[in-house]
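Observations on chain architecture
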Amino acid sequence: MLDRTTAPQFKNIEDIHFIKASKHQLANDIPVFIINAGEQELVRIEFIFKNVNWYIQKPLLSLAANTMLNDGTSNLSGAEIANKIDYYGAFFQTEYGLDRSTVVLYSLNKHLPNTLPIIKEVLTDSVYPEKEVDTFINNQKQKLKVSLEKNDFLARRQFSKAIFGDTIYGFSSNLEDYDALNQADLRQHFQQTYHPENCTIVVSGKVNEDILTLLNSLFGAWKSDVVFKPNTVEFKAADDKYHYIEKVQALQSAIRIGMPSINRKHKDFPALQVLNTVLGGYFGSRLMANIREDKGYTYGIGSANVSLEQAGYFFIASEVGTDVCADTLVQIEKEVNILKTQLIGDEELALVKNYLLGSLLGSLENAFSHADKFKNIYFFNQDYEYYTNYINTIKTINAPQLLELANKYWDFDQFYKVIVGKV
């Protein structure tokens, strides 16, 4: 009979295999990376563009231009685009990030001759109809009004502002920023962003030579002489480390603590991921054990290292009752300092290592996830050796090295502390 009082033994993960991307080029030198895997006749094609020409006076152009790409071309309305894509059982979406804007198509291979031309029209002839621009502005302003009532939203905004200032990484939109949007600026920004010199294509799924040929026939003659400036992020973190937004009627306070840190390009990043996991990077972390399980102050608390292309940061976040907010800060400081003064036990470290390796292995379930892992290194000027080093670091790092790392990167007195609610 199964003994449910005894936890099952876990086995060490010895090998993790990556399906590596193969590089190709279209006739106009657009790079195409192919991750060929899977049995189903299905592909995901991503057209990825670096964000460009960001400036504080018109900060929402990149976001709006990407979000509204599928709202109409010279020949097709937004509804017609959606109906054509739906007719072939395909899926089309736009994705906006601080570093890149993406257009994604999921399609059966056999329907690509019908679905890809629609994407080409969107990428070369989006017109941003005035009616759709007005609708976007009104909808986004309403969403922002709702979000501004939420403590965790305000804490994220203030934290980013404190660290990154008036840059694309630190900026937070206001209602008047949406009012500054107009069709002419959107069309100009579209031309500056969505062109072949700024495009990378990633194709994943069951990919054959016909797909590459079709891509070349549709996009290989795409030309542009637009002048554009890739975004550069230069920032100075705020001098004030403590930021408090009082909400007199609040029942809960949002806490966000952290500081600028390294990104994926730095050699210490994999080791810092291990250290962060111990502190607050998974459900069995020390922050969860103390502040949720022992104290009962919150349903959830976590920490993370965030890697942006031109910067990185570390943060701890939670929402707690206003009556326990002050002690939560004390407990967070306590857990950070313990990692700086006491060695992590062998059993706990073995559990964290196995969790991280298992999470990595579990995230490689199909061609699409292998493509995601490729993008994580390609856009940071890394190669697959990054993952070899990452896995080796997880397997070999020891408690003294992690203690040294905690003292190198974590100083609670230097953390930016944002509280929204009551203390």
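Residues numbered from 1 in each chain as written. Predicted model: local features only at pLDDT ≥ 70, side-chain atom pairs only at ≥ 80, totals over all residues. Heavy atoms only, no water.

1. Section: the overall build of the protein chain
On a plain count of helices and strands, the protein chain comes out with 15 helices and 11 strands. Compactness check: the protein chain gives a C-alpha radius of gyration of 24 Å against a globular reference of 22 Å for 423 residues, within 12% of the reference. Across the 423 residues of the protein chain, 52% fall into the buried class. With an accessible surface of roughly 20500 Å², the protein chain has 49% of that area assigned to carbon and sulfur atoms. Here the protein chain contributes 42 positively and 51 negatively charged side chains, and the mean placements of these two sets differ by 1 Å. (Helix = DSSP H or I, 4+ residues; strand = E, 2+ residues; numbered from the N terminus. Rg over C-alpha atoms; globule rule 2.2 N^0.38 Å. Buried < 20%, exposed > 50% of the residue type's maximum accessible area, 1.4 Å probe, protein only. Areas by Shrake-Rupley, 256 points an atom, 1.4 Å probe, with all protein chains shown as cover. Lys, Arg positive; Asp, Glu negative; His and termini not counted. Charge placed at Lys NZ, Arg CZ, Asp CG, Glu CD.)

2. Here's the deal with the nonpolar core
Taken as a class, soluble globular proteins show a tendency for nonpolar side chains to be buried jointly. Within the largest apolar cluster, 61 residues are counted, with the highest numbers of intra-cluster contacts made by Ile 316, Ile 332 and Trp 410. The biggest single contributor to this core is helix α9 (residues 269-281), with 7 residues. Both domain 1 (22-219) and domain 2 (242-421) contribute no fewer than three residues apiece to this core. Not counting residues within four places of it along the chain, the set of residues in contact with Ile 316 comprises Ile 255, Arg 256, Ile 257, Leu 279, Leu 287, Ile 301, Gly 302, Ser 303, Ile 332 and Val 336. By size, the runner-up hydrophobic cluster in this structure holds 49 residues, among which are Ile 119, Val 133, Phe 190 and Ile 211. (Core = buried A, V, L, I, M, F, W, Y, C linked by side-chain atoms within 4.5 Å. Domains from an automatic or database assignment. Contact = heavy atoms within 4.5 Å.)

3. Here we look at a nonpolar patch on the surface
On the surface, Tyr 242, Tyr 244 and Val 423 cluster together into a nonpolar patch covering about 270 Å² of accessible area. Note that Val 423 resides in the segment after β11 (416-421). (Patch = residues over 30% accessible without salt bridge, like charges linked within 9 Å, V, L, I, M, F, W, Y side chains within 5 Å. Salt bridge = Lys/Arg side-chain N within 4 Å of Asp/Glu carboxyl O.)

4. Observations regarding the pattern of salt bridges
Going through the model one piece at a time under the given rule, you end up with 17 salt bridges. Here Lys 161 makes a salt bridge to Asp 166, at a shortest N to O gap of 2.3 Å. Residue Lys 161 is classed as partly exposed on the basis of its relative accessible area of 37%. You can call Asp 166 partly exposed: its relative accessible area is 47%. With a closest N to O distance of 2.9 Å, Asp 294 and Lys 295 form a salt bridge.

5. A few points about the sheet that holds strand β9 (residues 301-307)
With respect to topology, 5 strands assemble into an open sheet ordered β7-β11-β8-β10-β9, the strand pairing being mixed. Each edge of the sheet is formed by a strand with only one pairing partner; in this case those strands are β7 (242-246) and β9. This sheet shows a mean twist of 15 degrees between the axes of neighbouring strands, independent of strand direction. Judged from the 10 bridges that link them, strand β8 (residues 252-261) and strand β10 (residues 312-321) form a sheet pairing that is antiparallel. Note that in β10 the partner of Ser 261 across the bridge is Gly 312. Set on the sheet, helix α11 (residues 325-341) makes contact with β8, β9, β10 and β11; between it and β8 the angle comes to about 30 degrees. (Pairing = 2+ DSSP bridges. Axes fitted to C-alpha atoms, helices over the stretch in contact; angles between N-to-C directions.)

6. Let's talk about α11
Helix length check: α11, at 17 residues, gives a terminal C-alpha distance of 25 Å against a target of 24 Å (1.5 Å per residue), a fit within 8%. Those residues of α11 that sit buried are Cys 325, Thr 328, Leu 329, Gln 331, Ile 332, Glu 335, Val 336, Ile 338, Leu 339 and Lys 340. (Expected span 1.5 Å × (residues − 1).)

7. A closer look at the UniProt feature "domain: Peptidase M16 C-terminal" (unreviewed entry) in the protein chain
Feature annotation in UniProt assigns "domain: Peptidase M16 C-terminal" (unreviewed entry) to the following positions: residues 181-355. Split by type, residues 181-355 is 41% helix and 22% strand. Its first and last C-alpha atoms lie 46 Å apart. (UniProt positions renumbered as here; feature names shortened; annotations may be inferred.)

8. Here we look at the packing of aromatic side chains
Within this structure, the stated rule accounts for 29 aromatic pairs. Centroid distance Phe 47 to Phe 219: 4.9 Å. Interplanar angle 45 degrees. Geometry classified as tilted. In this pair, Phe 47 is assigned in strand β3 (residues 42-50) and Phe 219 in helix α8 (residues 209-219), connecting sequence segments 172 residues apart. Summarising the burial analysis for this pair, Phe 47 and Phe 219 share the class buried. In this structure an aromatic cluster arises from ring pairing among Phe 18, Phe 33, Phe 374, Tyr 378, Phe 379, Tyr 384, Tyr 386, Tyr 387 and Tyr 390. Directly above the aromatic system of Phe 379 lies the positively charged group of Arg 100, at a separation of 4.4 Å from the ring centroid. When the ring centre of Phe 315 is taken as reference, the NZ or CZ atom of Arg 256 above it lies at 4.2 Å. (Phe/Tyr/Trp six-rings, centres within 6.5 Å; stacked < 30°, edge-to-face > 60°. Lys NZ or Arg CZ within 6 Å of the ring centre and 35° of its normal.)

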